[in-house]
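Close look at the chain arrangement
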Amino acid sequence: MTKHKDGKPGSLQDKRSSVLPMTTLLVALCGLSFYLGGIYCAEKNKFEVKNFKDIAKAVPSPKESTVAPLQMKFVTFPECSLDYQDHTPCTDPKRWRKYGMHRLTFMERHCPAVFERKERLVPLPKGTSCRSNGQRAGTNVGTDSALTVLVAVLADAYDILTLLKVASWGGDLLDRGILTVSLAPRDNHEAQVHPPWSEGIPAILGIISPQRLPFPSNSFDMAHCSRCLIPWTEFGGLYLLEINRILRPGGFWVLSGPPVNYQNRWRGWNTTVEEQKSDYDGLQKLLTSMCFKLYNKKDDIAVWQKTSNSSCYNCLAIPDAYPPKCDDSLEPDSAWYTPLRPCVVVPDPKLKKIGLKSVPKWPERLHIAPERMSQIHRGSASAFKHDDSKWKVRAKHYKKVLPALGTDKIRNVMDMNTVYGGFAAALIDDPLWVMNVVSSYGANTLAVVYDRGLIGTYHDWCEAFSTYPRTYDLHLDGLFTAEGPQFVLLEMDRILCLNGYIMMRESSYFIDAIATIAKGMRWGVTKKTQHGVKKEKLLVCQKKLLVSIEQEFAVKSEGRHTLHV
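Notes on the structure in this doc start here. (Residues numbered from 1 in each chain as written. Predicted model: local features only at pLDDT ≥ 70, side-chain atom pairs only at ≥ 80, totals over all residues. Heavy atoms only, no water.)

**With respect to the state of the cysteines**
Cut-off, in case you're wondering: Note on disulfides: each one is a pair of cysteine sulfur atoms within 2.5 Å. Secondary structure elements are taken from DSSP: a helix is a run of H or I of four residues or more, a strand is a run of E of two residues or more, and numbering for both begins at the N terminus. Categorising residues by exposure relies on relative accessible area from a 1.4 Å probe, with only protein chains included: less than 20% of the type maximum marks a residue as buried, more than 50% marks it as exposed, and the intermediate range marks it as partly exposed.
In this structure the tally under the stated criterion is three disulfides. Between the sulfur of C291 and that of C312 lies a disulfide, 2.1 Å long from S to S. The sign of the -95 degrees torsion about the S-S bond sets the C291-C312 disulfide as left-handed. Here the residue C291 occupies a position in the loop between α8 (273–289) and β8 (292–298), and C312 occupies one in the loop between β9 (301–306) and α9 (381–401), the gap between them amounting to 21 residues. Judged by its relative accessible area of 4%, C291 is buried. Residue C326 pairs covalently with C343 via a disulfide, S to S 2.0 Å. When the S-S torsion is 90 degrees, as for the bridge of C326 with C343, the disulfide is right-handed. Of the two residues, C326 is situated in the loop between β9 and α9 and C343 in the loop between β9 and α9; the sequence distance between them amounts to 17 residues.

**Thoughts on α8**
Going by this rule: Expected helix span is taken as 1.5 Å per residue step, with the number of steps being one fewer than the number of residues. Contact criterion: two residues are considered in contact whenever any of their non-hydrogen atoms come within 4.5 Å of each other.
For α8, spanning 17 residues, the distance from its first C-alpha to its last is 24 Å, which sits close to the expected 24 Å at 1.5 Å a residue. Tucked inside the fold, the buried residues of α8 contact α6 (238–246), β7 (247–256), α7 (262–265), β8 and β9. Directly beyond the C-terminal end of α8, a positive phi value near 70 degrees is found at C291.

**A short note on a negative patch on the surface**
Put simply, the rule is: Patch criteria: residues need more than 30% relative accessible area and no salt bridge. Like-charged residues are merged within 9 Å; nonpolar side chains of Val, Leu, Ile, Met, Phe, Trp and Tyr are merged within 5 Å. Using a 1.4 Å probe, the Shrake-Rupley method yields the accessible areas, and only the shown protein chains count as cover for residues. For this analysis, a salt bridge means a side-chain nitrogen from Lys or Arg found within 4 Å of a carboxyl oxygen belonging to Asp or Glu. None of His or the chain ends enter the tally, which takes Lys and Arg as positive and Asp and Glu as negative. Note that the charge is assigned to NZ on lysines, CZ on arginines, CG on aspartates and CD on glutamates.
Negative charge collects at one region of the surface, where E234, E274, E275 and D279 lie side by side. Residue position: E274 is located in helix α8.

**Focus: the packing of aromatic side chains**
When we look at a pair of aromatic rings, we describe it by the centre distance and by the angle of the planes. Threshold: Paired rings are identified among Phe, Tyr and Trp, the last through its six-membered ring, by centres lying within 6.5 Å, and are further divided according to the angle between planes into stacked (under 30 degrees), edge-to-face (over 60) and tilted (the rest). The rule for a charge over a ring is simple: NZ of Lys or CZ of Arg within 6 Å of the ring centre, and within 35 degrees of the ring normal.
Taken as a whole, this structure holds 16 aromatic pairs when the rule is applied. Taking 6.4 Å as the distance between ring centres and 75 degrees as the angle between the ring planes, the aromatic pair formed by F215 and Y450 counts as edge-to-face. Of the two residues, F215 sits in the loop between β5 (203–205) and β6 (220–226) while Y450 sits in helix α11 (residues 446–451), which places them 235 residues apart along the sequence. Take F215 and Y450: they sit in the same class, and that class is buried. One aromatic cluster in this structure is built from F215, F220 and Y450. The ring of Y84 is capped by K94, whose NZ or CZ atom sits 4.0 Å from the centre of that ring. Across the ring face of F487, the terminal group of R117 is positioned such that the distance to the ring centre comes to 3.8 Å.

**Remarks on unusual backbone geometry**
Negative phi values dominate among residues other than glycine, just as trans dominates among peptide bonds. With an omega dihedral of 5 degrees, the bond running from P258 to P259 counts as a cis peptide bond. With respect to the helices and strands, P259 occurs in the loop between β7 and α7. For the bond running from Y322 to P323, omega is -5 degrees, close enough to zero to count as cis. Residue placement: P323 occurs in the loop between β9 and α9. In this structure, N261 is a non-glycine residue whose phi angle is positive, near 60 degrees. Here N261 shows up in the loop between β7 and α7. With a phi close to 55 degrees, D299 is a non-glycine residue in the positive phi region.

As structure tokens, this is what we get:
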């Protein structure tokens, strides 16, 4: 005897009689769901095939043309007011009040929202040019003597090829065959605008603050700070830990100025000898805990060397050790809006040839596949060799299309979306330097660029680049297949030198639309030729210098600027 759920008695026969209808219902539901699922999958397959065909029609094959090129209406772009002539959208002093003062956060990159962007051209101030007669301003006696001391200090060191610096020695070191990157914050004083770029010195706007610098780990051979007054031992040594991250094993950290030589200099630093001694001892202790050793010291310059022996880092695993070793969850090369961390980035023990002793000497390293090619998806020595050979051929073609390339008329060049730095390597014997830009969200190939002895930075072209206006000639290869043309072209106009050139390799789908927008920005579209595969074209543009008669007369009267066309 059983009971119903309402408590009334019921027979076992009643319960058994309900099993058959429930089983039938279950089978029916399963059959219905199978039927509906089959319909859904069939319709989904139709939808997916249809979308695939649409995509195939929208993105033409390299071998055959099935879609007409993208067309854009001709639009002329107005200019901003003259107070925007040195506009740097992501490091704009006009926006500094919105951000905190702690650790100079306000001087970091803070890009405006999309709706705040000015779709206008940055105005051209009279007499400004990134062209010159090829001569740099002379250094004073103090700077020249400091360089002599630095060379003497590193006399027995290995070849120094790249340098991260926060000072003004870039031009002099470049003349000595040392490729440099000058790092400096956005200056709010008009007199300090443009000095590195106008004298042909590689530079970017930046600051060591709460975020990592936009460079891969283990890349620079030397880092130098000349009286930069950065509090290296404060905030747990975060800034010095970042220097450690970007220096390759065996690389050098050079400090000139306080607190070095405090015994003789403290009186001029508005401090006491005890305070300066404490600062120097703290700096030495922190560097020792990070596996650096004092390499040499002379006068106002001290040089420390990062260890090449990975066994030193075993001490960082001891509990309560400071600074600790970074765990595996923190990607060493993540450097685009990545916060600083109070830990030591230890070089990958699997990489045996990234140390300063191990990399090939210059210039052989320029054309040898770096070890870090193996860490790139589909990266290999053969892929590197193919890319290197391809750009040698392309560079020869470029010089036929643009005879100014390879002369002193083009000096500061940016490769806006490089892969391995092949364009820069192909032009290494020409009187120019190339800033290689690698996508912040693409394949991480920037480390390979540095291992070749070249320079570069991460960037996302959905944002403005960290440079002043009118600082580069530009090269790009297939950039607009990933980014929208209009915003990127407006940013290119801001960056482009007066009378500067742009060389664009693009698919036929985009090239006509790009040319239309370029004409609206008053660029001269000088040549459009096919090169390489059938569906790839080369577009050469030049930014026209438009000045009034009064401005031209004023420039000639002042006699301060020379413009090479």
